[in-house]
Amino acid sequence: MLFTKTQKLQSKLEENLFRNQQVGLVPTMGALHSGHLSLIGRAEEKCDVVVVSIFVNPTQFNSSKDLEKYPRNLENDLEMVQKTFPNTLVFAPSVEEIYGEELKTEKFDFGRITIYMEGQFRTGHFNGVGTVVKRLLQIVNPHFAFFGEKDFQQLRVIERMVEITKLPVHIIGCKTERESNGLAKSSRNELLSPVLKEKAGIIYRCLQMAKKEVYKSSIPEIKTKIKQDINALPKFELEYFEIADVQELIPTESIQPNMRYRAFIAVFVNQVRLIDNLALNY
Ligand code: AMP
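Conventions adopted
Residues numbered from 1 in each chain as written. Predicted model: local features only at pLDDT ≥ 70, side-chain atom pairs only at ≥ 80, totals over all residues. Heavy atoms only, no water. 1 Å grid on protein atoms, 1.4 Å probe; cavity = no way out; pocket = protein on both sides within 12 Å on 5 of 7 lines; lining within 4 Å. Points joined across faces, edges and corners; volume = space filled by probe spheres on them. Helix = DSSP H or I, 4+ residues; strand = E, 2+ residues; numbered from the N terminus. Core = buried A, V, L, I, M, F, W, Y, C linked by side-chain atoms within 4.5 Å. Buried < 20%, exposed > 50% of the residue type's maximum accessible area, 1.4 Å probe, protein only. Contact = heavy atoms within 4.5 Å. Pairing = 2+ DSSP bridges. Axes fitted to C-alpha atoms, helices over the stretch in contact; angles between N-to-C directions. Parallel < 35°, antiparallel > 145°, perpendicular 65-115°, else oblique. Left-handed = near helix turned anticlockwise from the far one by under 90°. Nonpolar A, V, L, I, M, F, W, Y, C, P; charged D, E, K, R; others polar. Near = heavy atom within 4 Å. Polar contact = N/O pair within 3.5 Å; in protein donor to acceptor, adjacent residues only side chain to side chain. Areas by Shrake-Rupley, 256 points an atom, 1.4 Å probe, with all protein chains shown as cover. Sits in = over half its atoms within 2 Å of the grid points.

Engineer: Report on the layout of surface pockets, specifying residues and quantitative values.
Structural biologist: In this structure, the largest pocket occupies an estimated 280 Å³ of space. Glu149, Lys175, Arg262, Ala279 and Tyr282 are, among the 14 residues lining the largest pocket, the residues nearest its centre. Secondary-structure elements contributing two or more residues to the lining of the largest pocket are α8 (152–165) and β9 (272–279). The element that contributes the greatest number of residues to the lining of the largest pocket is β9, accounting for three residues.

Right under this line is the structure:
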């Protein structure tokens, strides 16, 4: 069932709240794939009513070209959701419905977790993400909201935003779905040719190499090797590769005992920006 207006969605949700049912929210930017469906699946298992939002949020893009070329296909998305999860409610609001007249971004104090990686290379991105997710949480008022580990820094940012704002919601992190060559499923993969999509499997292989080598080689050695391997492929350019602790997301050059680390990577493939990450020692 499709909703484009906040009020209509809220009236529908009130019926469920009245019956004391658990509500789940899965925020997405559409161009849905099996990664999104796995989040909806988790939500359907855990909740009585699930809302999937489809909204390409302009304030989280730091390049107008990137926003323009972001894939959009609401008809396909609706068909996909209806086929697999016929009871899921789809909320696809307009930009005005979410922001009103003015595209204003709220400034959050996320602390150290947004200094590096996506925070460093996409200025203002996480304030945009925080703004839209806060708004969606206020509209839907869910008991649970589901986010992918594929965007691990985003997941940590949302957890922090919920702490700051004290919104009464539990955030659930979900595993990354991958193509058969290991490439993390992403709406942006649609922008790649089949050949480049196949070659982009190197991104996951680099993460796996880091996992294998993390206690054998030094982190600078791992970084140099990954940079060489990625940049050796035509049309591929490494933006960053970092190993960072999962708590503060501060890149490190050496592994400390009793700390949990992930490897994080961002690569341009023919100007399409792909990100991924992998747990290294837990
Ligand atoms: P997006 O539409 O890219 O903003 O993603 C919407 C949600 O789906 C976010 O919580 C993402 O982390 C999650 N997601 C994106 N790709 C994947 C994937 N391959 N596996 C699992 N979750 C994903």
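Once the structure has been displayed, the description carries forward.
Engineer: Any details on the nonpolar core? Residues and values, ideally.
Structural biologist: Ranked by internal contacts, the top residues of the largest apolar core, which has 42 residues, are Leu9 and Leu137. Counting residues per element, this core draws most heavily on helix α7 (residues 125–140), at eight residues. Once residues within four sequence positions are removed from consideration, Leu9 is found in contact with Phe3, Val51, Leu89, Phe91, Ile139 and Val140. Ranked by size, the runner-up nonpolar core spans 28 residues in total, among them Ile222, Phe236, Ile265 and Leu280.

Engineer: Which residues make up the pairing of strand β8 (residues 261–269), and what are the values?
Structural biologist: For β8, the tally of buried residues reaches eight of nine residues, placing the bulk of the element in the interior. Across nine bridges, the pairing between strand β7 (residues 236–245) and β8 is antiparallel. Residue pairing for β8: Glu242 is matched across the bridge by Phe264. Note: β8 against β9, eight bridges, orientation antiparallel. Bridging from a neighbouring strand, Ala263 pairs with Leu278 of β9. Counting the residues in the hairpin turn of β8 and β9 gives two residues, including Asn270, whose phi is positive at 50 degrees.

Engineer: Can you tell me about empty space enclosed by the protein, naming the residues and giving the values?
Structural biologist: In this approach the atoms are scanned with a rolling probe the size of a water molecule, which exposes any empty space left behind. Scanning all chains against the criterion turns up one cavity of 30 Å³ or more. For the largest cavity, the calculated volume is near 860 Å³. Forming the walls of the largest cavity are 49 residues, and the residues nearest its centre are Met29, Tyr70, Lys150, Asp151 and Gln154. When contributions to the lining of the largest cavity are tallied by element, the ones reaching two or more residues are β2 (23–28), α2 (34–46), α7, β5 (144–148), α8, β8 and β9. The dominant element in the lining of the largest cavity, judged by the number of residues it contributes, is α7, at six residues.

Engineer: Tell me about the sheet that holds β2, and name the residues and values.
Structural biologist: Strand order in the open sheet made by the six strands is β1-β4-β3-β2-β5-β6, with parallel pairing throughout. With one partner strand each, in any of the chains shown, β1 (2–3) and β6 (170–174) form the two edges of the open sheet. Summarising the sheet, β2 and β5 pair through two bridges and their orientation is parallel. Bridge pairing in β5 places Gly24 opposite Phe144. Across the face of the sheet, α2 comes into contact with β2, β3 (49–54), β5 and β6 while running at roughly 155 degrees to β5. Running over the sheet, α7 touches β2, β3, β4 (89–91) and β5 and is turned about 150 degrees from β2.

Engineer: Any chance you could break down the packing of helix α10 (residues 202–213) against helix α11 (residues 219–231) for me, citing the residues and the numbers?
Structural biologist: One can describe the packing of α10 onto α11 by two numbers: an axis separation of 11 Å at closest approach and a directional angle of 160 degrees. Judged by the inter-axis angle, α10 sits roughly antiparallel to α11. Taken as a pair, α10 and α11 cross one another with a handedness that is right-handed. The residues of α11 that touch α10, namely those facing Ile202, Cys206, Met209, Ala210 and Glu213, are Ile222, Lys225, Ile226, Asp229 and Ile230. Partitioning the contact of α10 with α11 into residue classes produces seven nonpolar, no polar and three charged.

Engineer: Can you explain the site of the ligand? Please cite residues and give values.
Structural biologist: For the ligand, the set of nearby residues contains 17 residues, the closest of which are Met29, Gly148, Asp151, Glu177 and Lys185. In the model, an oxygen atom of the ligand is placed 2.9 Å from a nitrogen or oxygen of the Gly148 main chain. Taking Glu177, its main chain carries an N or O atom lying 2.8 Å from a nitrogen atom of the ligand. Relative to its unbound accessible area of 490 Å², the ligand is 93% covered by the protein chains. Cavity membership is defined here by more than half of the atoms lying within 2 Å of grid points; on that basis the ligand lies in the largest cavity. Those elements that place two or more of their residues in the shell around the ligand are β2, α2 and β5. When residues in the shell around the ligand are grouped by element, the largest group, three residues, is from α2. For the shell around the ligand, the class distribution of residues is five nonpolar, seven polar and five charged.

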